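A closer look at the structure
Each chain, written out:
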Amino acid sequence: MKFMKLMKSFCILLVFPILVLCSCSQQSNVVFNEQVLSEARMVEINSVLIKKDIDCIYPVKMSKIDSLFFIQDLVGNNIVNAFNRKGEYLDCMIKKGQGPNDVTNVTKEFVLNRLGKIISVYSKPYLTEYDINKFMNGEREFCMRTDCSSFGANFPVMNACRIDEGILLAGFTKDMRYAVIQSDSLSDLYKNYPSIINTANSEELIPAVLSYSPCIGVDPTGKSWVQGTYIGGTLEGFNISEGVVKSDFQSFIYPSYYEAGAGINVSWGNETIIGFEDIVITSGYIYTLLNGTKGRNLKSTPPVTPFPNKITVFDKQGNVVKIIKTDCMMMALDIDEDENKCYVVTYNGEQGYDLREIPLL
């Protein structure tokens with residue numbers, strides 16, 4: 001795959017193989033309404049360049065902690081790298097390898113515990129949590145591993161992260177969407193999916209579509225999280241109370257047009273409306289990079305607007321409250337509530353990536 005967006009899809013296919021793509025299929029039982037985007041308040045804010053051509057191959061996630069930036073790379077052995085306030089490379093925190101702080105592979109983007117200053121990744125079968133303070137202080141061991149194999153033995157696990165009441169496992173089948181582990185035992189198994197498609201095999205296909213490269217953002221309290229689809233624009237909110245997972249909201253914006261493959265394998269195609277590239281939850285809002293371009297634009301040479309130039313802001317009930325239009329194509333974002341700024345990694349159209357900041361009005 002020559003172009004950046006297709007590279008992302010290619011790497012995902014290595015984890016979730018797509019065998020033979022066939023016709024586009026999607027018929028919804030829910031009501032999708034992209035009109036909420038045109039009805040939302042729009043503000044235009046220019047970005048400020050921090051560093052042009054940052055040292056990375058293909059960035060997919062970023063977080064700002066104090067005066068540091070941590071950026072996850074999809075390609076190469078250096079998975080998560082640390083940068084200073086000027087966007088200059090400092091060191092690699094998470095590597096592929098066999099060392100005491102290394103992981104063998106990472107299937108999804110990292111999850112940040114902002115209060116604890118912990119970045120975690122799931123590398124089957126381990127949830128590995130990295131202590132940023134220990135890493136920056138030069139300590140030899142700065143990670144903790146939790147073996148999830150006994151909990152996920154009966155269910156395939158896509159991702160895992162620590163929440164307020166234990167460990168959250170994210171699945172991708174009809175038998176397990178989320179599982180919560182407390183005190184080394186299963187406290188809840190959540191199986192509910194919205195009826196975003198209506199086909200002969202929808203019971204199997206709905207989980208496949210919703211779990212194709214989704215974005216998951218965890219609330220700073222650890223008591224709630226949201227999941228946004230890559231195929232189409234569905235945003236869902238969840239909370240956990242006394243070990244039980246419940247649905248907070250469901251927002252259906254772009255329909256889930258997908259390419260069907262062999263069995264229950266799916267991918268995006270020419271008619272797919274690309275959904276969420278990144279999600280960050282603050283104390284008051286949900287900040288997202290909702291794309292909205294069609295798959296055919298990613299396949300063109302060169303790709304047409306492969307990444308969004310807008311930040312779509314939702315409230316905690318899943319309502320679109322504001323859209324921030326910028327002067328750059330954004331791949332990943334983070335919010336600094338104290339500074340009232342958004343920090344983004346952007347695609348500069350020259351096969352390179354910049355680090356920018358956007359003041360929030």
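Residues numbered from 1 in each chain as written. Predicted model: local features only at pLDDT ≥ 70, side-chain atom pairs only at ≥ 80, totals over all residues. Heavy atoms only, no water.

1. A few points about the overall build of the protein chain
Looking only at helices and strands, one finds 5 helices and 28 strands in the protein chain. For a compact globule of 361 residues, the expected C-alpha radius of gyration is about 21 Å, and the protein chain comes in at 19 Å, within 12% of that figure. By the burial criterion, 57% of the 361 residues in the protein chain qualify as buried. Considering only residue pairs separated by 6 or more positions, the protein chain has 52% of its internal contacts joining residues 24 or more positions apart. Split by element, the accessible area of the protein chain, about 15200 Å² in all, is 47% carbon and sulfur. Charged side chains of the protein chain number 34 positive and 41 negative; the gap between the two group centres comes to 3 Å. (Helix = DSSP H or I, 4+ residues; strand = E, 2+ residues; numbered from the N terminus. Rg over C-alpha atoms; globule rule 2.2 N^0.38 Å. Buried < 20%, exposed > 50% of the residue type's maximum accessible area, 1.4 Å probe, protein only. Contact = heavy atoms within 4.5 Å. Areas by Shrake-Rupley, 256 points an atom, 1.4 Å probe, with all protein chains shown as cover. Lys, Arg positive; Asp, Glu negative; His and termini not counted. Charge placed at Lys NZ, Arg CZ, Asp CG, Glu CD.)

2. Concerning the pairing of strand 26 (residues 329-336)
Where burial is concerned, most of strand 26 is hidden: 7 out of the 8 residues are buried. Note that strand 26 and strand 27 (residues 341-347) share 7 bridges and pair antiparallel. Note that in strand 27 the partner of Met330 across the bridge is Thr346. As consecutive antiparallel partners, strand 26 and strand 27 are separated by 4 residues, and within that stretch Asn340 has a phi angle of approximately 55°, a positive value. (Pairing = 2+ DSSP bridges.)

3. Comments concerning the sheet that holds strand 23 (residues 286-290)
Overall, mixed pairing links the 5 strands, which are arranged 2-25-24-23-22 in an open sheet. With partners counted over all chains shown, the strands left at the sheet margins are strand 2 (41-44) and strand 22 (276-281), one partner each. On average, adjacent strands in this sheet sit at an angle of 20° to one another, irrespective of strand direction. (Axes fitted to C-alpha atoms, helices over the stretch in contact; angles between N-to-C directions.)

4. A short note on the state of the cysteines
A complete count under the given rule lists 0 disulfides for this structure. Not engaged in a disulfide, the cysteine Cys56 finds its nearest cysteine sulfur in Cys92; these two sulfurs lie 12 Å apart. Overall, the relative accessible area of 15% leaves Cys56 in the buried class. With no disulfide partner, Cys148 has as its closest neighbouring cysteine sulfur the one in Cys161, 10 Å distant. (Disulfide = S-S within 2.5 Å.)

5. As for the environment of Thr312
Following the sequence through the fold, Thr312 ends up in strand 24 (residues 310-314). Its relative accessible area of 4% is what places Thr312 among the buried residues. Discounting chain neighbours no more than four positions away, the residues touching Thr312 are Leu37, Ile286, Tyr287, Thr288, Leu290, Val320, Lys322 and Ile323.

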